[in-house]
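# Summary of the model geometry
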Amino acid sequence: MMLAENEADFFIELLYEYHLFGHSFYLTTTHAAMLILSLALILFFLAANISVRKALAKNIAEKPGAFLNAVELMVEWLDRIWEEDYRNNARGRYNYVGTLFIFTVACNISGIFGLRPPTADYGVTLCLGMITFGLIHYHGVKKRRGRHFTGLLEPFPLLFPLNLIGEAAVPLSLSLRLFGNVMSGTVMMGLWYGLMPLLFQIGIPAALYCYFDLFSGVIQAYVLCMLTVVYIQEKVR
């Protein structure tokens, strides 16, 4: 899509269209950003794994490097955030929540590196919400078995429709909250670059990126993960 001069650009752009087995497929800026971020995270985790293994193989008293220090600080920070959930024999979901947090933060702050945040695409946040929704009910069934479903009839059967609507609203609530906050930042930055004179596009956007991407992006990832933990804990009581 061609844009006129000074026109705001915050939409998902089509990069490539291809045809396979009689169907059309589209490669967009969301797909490109997801691929770049996924590869970057894979490389980061591989490097972290190699660094930790090398450190363990050496003298334990040896001073760790800057990269290993950064990895240890990140892991310790995640441990402190979900320490109570981890103590409650929740290693499996702790790993998921930690991965969800790192992935969501990476998506939210990707605008700093010139990418369009994948979480500004509702198709991405809805998938995250549905995966989380499935995990919530998986742990509920695993812990409570049949009582997980009969809980929809509590405190009395007439509330079943409302309880069912409340359960169905969980993935929508998780996905829309994340999408709305990230998309609003993307729209604001698009409007700023598209409508403001060139003089105001130097320096000021850096402060805006610090708020919309770094501060708000990390906060929204934290909220998503905390809600995930709360929903799971509610189901396993």
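Note that this is a predicted model, so its numbers are computed, not measured. (Residues numbered from 1 in each chain as written. Predicted model: local features only at pLDDT ≥ 70, side-chain atom pairs only at ≥ 80, totals over all residues. Heavy atoms only, no water.)

## A few points about the overall build of the chain
The criterion, for reference: Helix and strand definitions follow DSSP, with helices as H or I runs of at least four residues and strands as E runs of at least two, each counted in order from the N terminus. When accessible area is computed with a 1.4 Å probe and restricted to protein chains, residues below 20% of their type maximum are described as buried, those above 50% as exposed, and intermediate ones as partly exposed. Note on areas: these come from Shrake-Rupley sampling with a 1.4 Å probe, and a residue is covered only by the protein chains present in the view.
Scanning the chain for helices and strands turns up 8 helices and 2 strands. When its helices and strands are written in sequence order, the chain yields β-β-α-α-α-α-α-α-α-α. Counting every position in the chain, which comprises 237 residues, the buried fraction comes to 33%. Carbon and sulfur atoms make up 69% of the accessible area of the chain, which amounts to about 14900 Å² in all.

## Here we look at the packing of aromatic side chains
The following threshold applies: Each Phe, Tyr or Trp ring, with Trp reduced to its six-membered ring, pairs with another whose centre is within 6.5 Å; inter-plane angles below 30 degrees give stacked pairs, above 60 give edge-to-face pairs, and intermediate values give tilted ones.
Using the criterion set out here, one finds 5 aromatic pairs in the structure. Note on Y18 and F25: the rings are 5.5 Å apart at their centroids and 20° apart in plane angle, and the pair reads as stacked. Judged by relative accessible area, which is 33%, F25 ranks as partly exposed. Where F44 meets F45, the ring centres are 5.4 Å apart and the plane angle is 65°; that geometry is what we call edge-to-face. Given the relative accessible area of 37%, F45 is considered partly exposed. Taken together, the ring pairs in this structure connect Y16, Y18 and F25 into an aromatic cluster.

## Considering the pairing of strand β1 (residues 14–20)
Put simply, the rule is: Pairing between two strands requires that DSSP report at least two bridges joining them.
Both β1 and strand β2 (residues 23–28) contribute to a ladder of 6 bridges, which runs antiparallel. Bridge assignment links E17 to a residue of β2, and that residue is Y26. Taking the residues that link successive antiparallel strands as the turn, the β1-β2 hairpin has 2 residues, and the phi of F21 there is positive, at about 55°.

## Comments concerning the nonpolar core
To keep it simple, the criterion reads: Nonpolar cores are built from buried Ala, Val, Leu, Ile, Met, Phe, Trp, Tyr and Cys residues. Side-chain atoms within 4.5 Å join them into one set.
Counting residues in each nonpolar core, the largest one holds 29 residues, and the members touching the most others are L100 and F101. Within the residue set of this core, elements represented by two or more residues are α1 (29–57), α4 (91–108), α5 (122–144), α7 (160–195) and α8 (204–235).

## Brief notes about the pattern of salt bridges
Selection criterion: For salt bridges, the criterion is a side-chain nitrogen of Lys or Arg within 4 Å of an Asp or Glu carboxyl oxygen.
Going through the model one piece at a time under the given rule, you end up with 1 salt bridge. Between K235 and E167 there is a salt bridge, with the nearest N and O atoms lying 2.5 Å from each other. Highlighted residues: K235 in helix α8 and E167 in helix α7, separated in sequence by 68 residues. This pair shows no difference in class: K235 is buried, exactly as E167 is.

## With respect to a nonpolar patch on the surface
Which entries qualify depends on this criterion: Candidate patch residues must exceed 30% relative accessible area and have no salt bridge, after which like charges are joined if within 9 Å and Val, Leu, Ile, Met, Phe, Trp or Tyr side chains if within 5 Å.
Residues L15, Y16, Y18, L20, F21, F25 and L27 make up a contiguous nonpolar surface patch of about 730 Å² in total accessible area. Counting residues per element, the nonpolar patch draws most heavily on β1, which supplies 4 residues. Owing to a relative accessible area of 34%, L27 belongs among the partly exposed residues under this scheme.

## Focus: empty space enclosed by the protein
To keep it simple, the criterion reads: Throughout, the protein atoms alone are placed on a 1 Å grid, and a set of points is a cavity if a 1.4 Å probe fits but cannot get out or a pocket if it is open with protein on both sides within 12 Å along at least five of seven lines; lining residues have an atom within 4 Å of a point. Grid points are joined across faces, edges and corners, and a volume is the space filled by probe spheres set on the points.
If you walk through the whole model with that rule in mind, you get 1 cavity of 30 Å³ or more. By volume, the largest cavity is sized at about 30 Å³. Looking at the largest cavity, the residues that line it are N108, P117, V182, G185, T186, F212 and D213. Among the secondary structure elements, those contributing two or more residues to the lining of the largest cavity are α7 and α8. With 3 residues, α7 is the single largest residue contributor to the lining of the largest cavity.

## Points about α7
Our working rule: Helix span, as expected, comes to 1.5 Å for every residue beyond the first. Bend is computed residue by residue as the angle between axes fitted to the seven residues ending at the residue and the seven residues starting at it.
In a regular helix each residue adds 1.5 Å, so 36 residues correspond to 52 Å; α7 covers 50 Å between its end C-alpha atoms and thus fits that length. Along α7, the sharpest kink reaches roughly 35°, centred on A169 and followed within four residues by the proline P171.

## Focus on the confidence of the model for the chain
Put simply, the rule reads: A residue's pLDDT is simply how confident the predictor is in it, with values from 0 to 100. Note on contacts: a residue pair is in contact if any heavy atoms of the two residues lie within 4.5 Å.
Confidence in the prediction of the chain, expressed as mean pLDDT, is 82, and 89% of residues score 70 or more. For residues 1–5, every residue scores under 50 in pLDDT, and the model assigns this stretch 4 contacts once sequence neighbours within four places are set aside.

## Concerning the packing of α1 against helix α2 (residues 66–81)
Stated formally: The angle between two axes is taken between their N-to-C directions and runs from 0 to 180 degrees, where each axis is a line fitted to C-alpha atoms and a helix contributes only its stretch in contact. Angles below 35 degrees are treated as roughly parallel, those above 145 as roughly antiparallel, those between 65 and 115 as roughly perpendicular, and all remaining angles as oblique. Amino acids outside the nonpolar list (Ala, Val, Leu, Ile, Met, Phe, Trp, Tyr, Cys, Pro) and the charged list (Asp, Glu, Lys, Arg) are all regarded as polar, and Gly is one of them.
Following both chains from N to C, one finds α1 and α2 inclined at 105°, their axes separated by 10 Å at the closest point. The orientation of α1 relative to α2 falls into the category roughly perpendicular. Contacts from F44, A47, A48, S51, V52 and A55 of α1 reach α2 at F67, L68, V71 and M74. For the contact of α1 with α2, the per-class residue count stands at 9 nonpolar, 1 polar and no charged.

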